[in-house]
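Now for the letters of each chain:
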Amino acid sequence: MSTPSITRLADYRAPEFLIEKTYLSFDLNEAYTDVSSKLSIVSNPQSGKTSDLFLHGEQLELLSLAINDQPLSSADYQISREVLTIYNVPEQFVLHCKTRIYPDKNTALEGLYRSSGMYCTQCEAEGFRKITYYLDRPDVMSEFETVIIADDNAFSVMLSNGNCLSDSVVDGKRIVHWHDPFKKPSYLFALVAGNLDCLEDSFITQSGRNVLLQIYTEAKDSDKCDFAMQSLKKAMRWDEEVYGREYDLDRFMIVAVDDFNMGAMENKGLNIFNTSCVLAHPKSTTDAAFQRVESVVAHEYFHNWSGNRVTCRDWFQLSLKEGLTVYRDEEFSADMNSRAVKRIDGASFMRNVQFVEDAGPMAHPVRPDSYLEISNFYTMTIYEKGAEVVRMLANILGPENYRKGTDLYFERFDGQAVTCDDFVACMEETSGKDLHQFRLWYSQAGTPQLHISDSYDAERQQYHLHVRQHTPETPGQPLKQALHIPLKITLYGEQGAQDLIIEGKNYGEETVLDICREQQTIVFDNITEKPSPSLLREFSAPVKVDYDYQLQQLQQLILLDSDGFCRWDAVQNLMGRVLHEAIEGDSKEPTQDALIQSLKRLLQNFSAMDMGLLACLLDLPSEHYVASRYEKADPAAISQARTHLQHQLALALEPELLACYQALAGEVAGLSAEAMAARSLRNRALGYLMCIDKAIYRGLAEQQFFHAENMTDQFAALKAMVHAEHAHIEAQHALQAFYQQWQNDALVVNMWLQVQATKPWGDVLRDVRALLEHPAFDKRNPNKLRAVIAAFANQNFSQFHQLSGEAYQFLAEQIADIDQRNPQIAARLLTPLTHWHQFIAPYGQLMKAALDSLSQHELSKDVYEVLSKSLVES
Ligand SMILES: [Zn+2]
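Note that the structure is a prediction, hence the values are computed from the model and not measured.

Peer 1: Help me understand the nonpolar core in this model?
Peer 2: Generally speaking, a soluble globular protein has its nonpolar side chains buried in company with each other. Counting residues in hydrophobic clusters, the biggest one holds 286 residues, and the most contacted among them are Leu95, Tyr409, Phe524 and Leu649. For this core, the leading source of residues is helix α5 (residues 380–397), giving 10 residues. Residue contacts for leucine 649: discarding those within four places in its chain leaves Met575, Leu595, Ile596, Leu599, Leu620, Leu657 and Tyr688.

Now the structure itself:
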């Protein structure tokens, strides 16, 4: 293909024209849809004068074009693949445009498309231009009116944004008229038409207005919406209480759809959700999936303010809405569940996924400088690291100033499209803090590393902490500046946490150190013994910390630290050391002993602990995380060491694990946080026990599988059997029974596919190829692609990294095929191959060979961008 053009932040210009009102009419026919638009356009007084109008449009059939009711001739305009140019337009006019589109043929799932007979839209980031010609950019905000026309009785519901003005039948045609009074960019437009059931409820806002709440699904799923509805109401209340944000329209609608590229979309008043993020029922949904529904429903709802009322000026500012909204949903989830577990999940996700992204060829700042295809920038860096940046701001400012800052931001920029800088400026203005250096977090890519060492002066009773910061080079950014890094710490002595006295000021037992220079030493006074430093408490910054702990310091933190993240981090540190020693062929008994003794003491005391936290503490570091610690990683050695450690721990902790499993059997029901925590610990214990080849544990797993009252327990037992080689007979039996039981529930069938694609032993590539031929698989459905292909490539480390390189070639072939239909999903599937630099020979070379073979194909812009960046030699 020809090289696509790069879009750069530095080239941003204000729009030359604005669209004050947008009137759309959709005529839905069986084979095609006719879209008629009337746009009230004015030239932008903020911009230079011009008389040619450029509108975005792709894959559209233009039927007619008129200005102020005067039809245009072919000499008045020009159409290219992506732009419609209209010459010599007046300063103010109404453009009337008719286009024809084919939603049935839309397999990319961008714009208007059909999924299981239902029409729906996905316009973020640039899908609206596949519906009609438009200024499809977020800084053009317009008031929308939408009319949907279809044969009477064709659809039970016909929805769009805002409030419904009328719903009538004329000459056998049903006509539904919607109006959204709030100005919005085109990416927030939505339309749905289908035969759907509706769950209704209502919410009284803090100012006393009554809001109608509706969740639409296919009839077969109508019993699975209660939890999402409860989550929505909790989120609405929380946003009023914590941020003072009230909902604005008369109704709020959620629609669930099977075929969806993303998790969900915050279209104004009409959120569209992937079924996987809204449907939930205790029989068929795991606890983890329940929590995901709660957080995604909240996330999309919170966007009504952080995203919709105040939106992004351009797509480089994507983190303005996503980073802020992820931070908001994480805090909501922490308030609803265990805060410690939620924080560990967040930190673990950053380390396992975002740090890896930040060390690879796609590394980019939270506010990128350039892109070829914006769809490729819906990344962990924009979302998760962006949220960490807002979290750091909130912590630096403190709760009161942070709230004043967000109040000012929402008030000052309501109805506008703004930038990350505008957000930080509000925080600066209300707090009086200088955030000049802090702003670098938005422009500098890469994961900062803190190298920490210490010294103790017994005579002076002084403890010195030496901190050096360093951010490694990333593509296009060889030189890095020192960042403002908030480092939260506590110092533990024999008697517990010590008072922190710095330059005569007593900060109590915990404080945040502002690390702003490349090297810095902090001196603590009145320290009576050499302490164990508890560093980066609550994961106070998205950085790597390197401090050479003694074994007994780690043991002390594991058992006594009051911060959940630091306890978990201490276990991960110890496990990481055991793995490293094994990989280097230099296993040391004291390290493994320290780990086993610590875990034993925790397990013996399990009933007194936050059981969800204990389940996290028992979690081994992922292979990806271990690999990321090496310049060049040996995947076979990593997998082998990890499997061996898991087995060793199971044997050493067998009595404690069994006692814990049995004590928790039968007494955990319901969806309370405590019940979920107990189930997670019990199932973690089962997972370990199943590493031991004994009939008694296979029996326990079988019994749990066949008698489970909920999906969490049933699926955990299934996974434990499928993933244990010695249980293959029981596993075959259970897999069959599971499919029999759940074959009509698409979301559960996806779990059935996934558990097989992630099996760590046997010829899994062969199994995966067979799954692609299974009637339950559908290559056009993104959830199925994620359940089989993405799960295999991302979550099955040992099977994906095989010496033959066959799995790499398999992935490349699949991507080439999927790219023909759905470029967004194809580009995302490419991620595991992009890290070829990270692996020793021959793995790295074989991964690169797979990328080379993919580059022989005709590729979309999406895949081309990721591929070309990955193939750059370092
Ligand atoms: Zn979002």
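Peer 1: Teacher, can you tell me more about the packing of α5 against helix α7 (residues 420–431) here?
Peer 2: Packed helix pairs are specified by the crossing angle of their axes together with the interaxial distance, meaning the distance between the axes. Contact geometry of α5 with α7 gives a least axis separation of 11 Å together with a crossing angle of 5°. Comparing the axis directions of α5 and α7 gives the class roughly parallel. Within the contact between the two elements, α5 uses Val390, Leu393 and Leu397 and α7 uses Phe423, Met427 and Ser431. When its residues are assigned to classes, the contact of α5 with α7 shows five nonpolar, one polar and no charged.

Peer 1: Can you walk me through the sheet that holds strand β34 (residues 544–547) in this structure?
Peer 2: The strands that make up a sheet are held in pairs by hydrogen bonds between backbone atoms, and each pair lies either parallel or antiparallel. Taking strand neighbours across the sheet as the criterion, the four strands line up as β32-β26-β25-β34 in an open arrangement whose pairing is mixed. Every other strand in the sheet has two partners, leaving β32 (519–524) and β34 as the edge strands with one partner each. The sheet shows a mean angle of 25° between the axes of neighbouring strands, taken without regard to direction. Two strands pair when backbone bridges link them, and strand β25 (residues 449–457) and β34 are joined in this way by four bridges, in the parallel orientation. Of the residues in β34, the one forming a bridge with isoleucine 452 is tyrosine 547.

Peer 1: What's the story with helix α19 (residues 728–742) in this structure? I'm lost.
Peer 2: If you check α19, its first and last C-alpha atoms are 21 Å apart, about what 15 residues at 1.5 Å a residue would give, namely 21 Å. Those residues of α19 that fall on the buried side of the exposure criterion are Glu730, Ala731, Ala734, Leu735, Phe738, Tyr739 and Trp742. Taken down its axis, α19 places every buried residue within 160° of arc, on the same side. In α19, the exposed positions angled more than 90 degrees off the buried face are occupied by Ile729, Gln736 and Gln740. Considering only its buried residues, α19 is in contact with α17 (695–707), α18 (711–722) and α20 (746–757).

Peer 1: What exactly am I supposed to notice about the coordination of the zinc ion here?
Peer 2: Under ideal tetrahedral coordination, the four donors around a metal are separated by 109.5 degrees; under ideal octahedral coordination, the six donors are separated by 90 or 180 degrees. For the zinc ion, the protein coordination sphere consists of His299 (NE2), His303 (NE2), Glu322 (OE) and Glu322 (OE), at 2.0 to 2.7 Å. Summarised as a motif, the one-chain spacing of the donors to the zinc ion is H-x3-H-x18-E. Taken together, the residues histidine 299 in helix α2 (residues 287–302) and glutamate 322 in helix α3 (residues 318–336) connect sequence positions 23 residues apart. One exposure class covers both histidine 299 and glutamate 322, and it is buried.

Peer 1: I tried to follow the packing of helix α4 (residues 339–358) against helix α10 (residues 564–583) on my own but got confused; where do I start?
Peer 2: Close contact between α4 and α10 brings their axes to 8 Å; oriented N to C, the two are set at 45°. Relative to α10, α4 is oriented oblique. For the pair α4 and α10, the sense of crossing is right-handed. Counting all contacts with α4, which are made through Ala340, Ile344, Ala347, Ser348 and Arg351, the residues of α10 involved are Gly564, Phe565, Trp568, Asp569 and Gln572.

Peer 1: How should I be thinking about the environment of leucine 803 in this particular structure?
Peer 2: Looking at the element boundaries, leucine 803 is found in the loop between α23 (797–800) and α24 (806–821). Sequence spacing of leucine 803 and glycine 323 is 480 residues, and the spatial spacing of their C-alpha atoms is 39 Å. Every residue in contact with leucine 803, bar those within four places of it in the chain, is listed here: Pro842, Tyr843 and Leu846.

Peer 1: Explanation requested: unusual backbone geometry in the structure shown.
Peer 2: Among all residues save glycine, negative phi is the norm, and among peptide bonds the norm is trans. The peptide bond linking glutamate 124 to alanine 125 adopts the cis configuration, its omega dihedral lying at 0°. Cis rather than trans, the peptide bond between alanine 841 and proline 842 has omega equal to 0°. Mapping proline 842 onto the fold places it in the loop between α26 (831–834) and α27 (843–854). Located in the positive-phi region is asparagine 68, a residue other than glycine, with phi close to 45°. Position of asparagine 68 relative to the elements: it lies in the loop between β5 (61–67) and β6 (70–71). Judged by its relative accessible area of 40%, asparagine 68 is partly exposed. The backbone phi angle of asparagine 153 is positive, close to 75°, even though this residue is not glycine. Here asparagine 153 shows up in the loop between β12 (142–151) and β13 (157–160).

Reading guide: rules and limits
Residues numbered from 1 in each chain as written. Predicted model: local features only at pLDDT ≥ 70, side-chain atom pairs only at ≥ 80, totals over all residues. Heavy atoms only, no water. Core = buried A, V, L, I, M, F, W, Y, C linked by side-chain atoms within 4.5 Å. Buried < 20%, exposed > 50% of the residue type's maximum accessible area, 1.4 Å probe, protein only. Helix = DSSP H or I, 4+ residues; strand = E, 2+ residues; numbered from the N terminus. Contact = heavy atoms within 4.5 Å. Axes fitted to C-alpha atoms, helices over the stretch in contact; angles between N-to-C directions. Parallel < 35°, antiparallel > 145°, perpendicular 65-115°, else oblique. Nonpolar A, V, L, I, M, F, W, Y, C, P; charged D, E, K, R; others polar. Pairing = 2+ DSSP bridges. Expected span 1.5 Å × (residues − 1). Arc of directions from axis to C-beta. Donors = N, O, S within 2.8 Å, 3.2 Å for Na, K, Ca; no water. Left-handed = near helix turned anticlockwise from the far one by under 90°.

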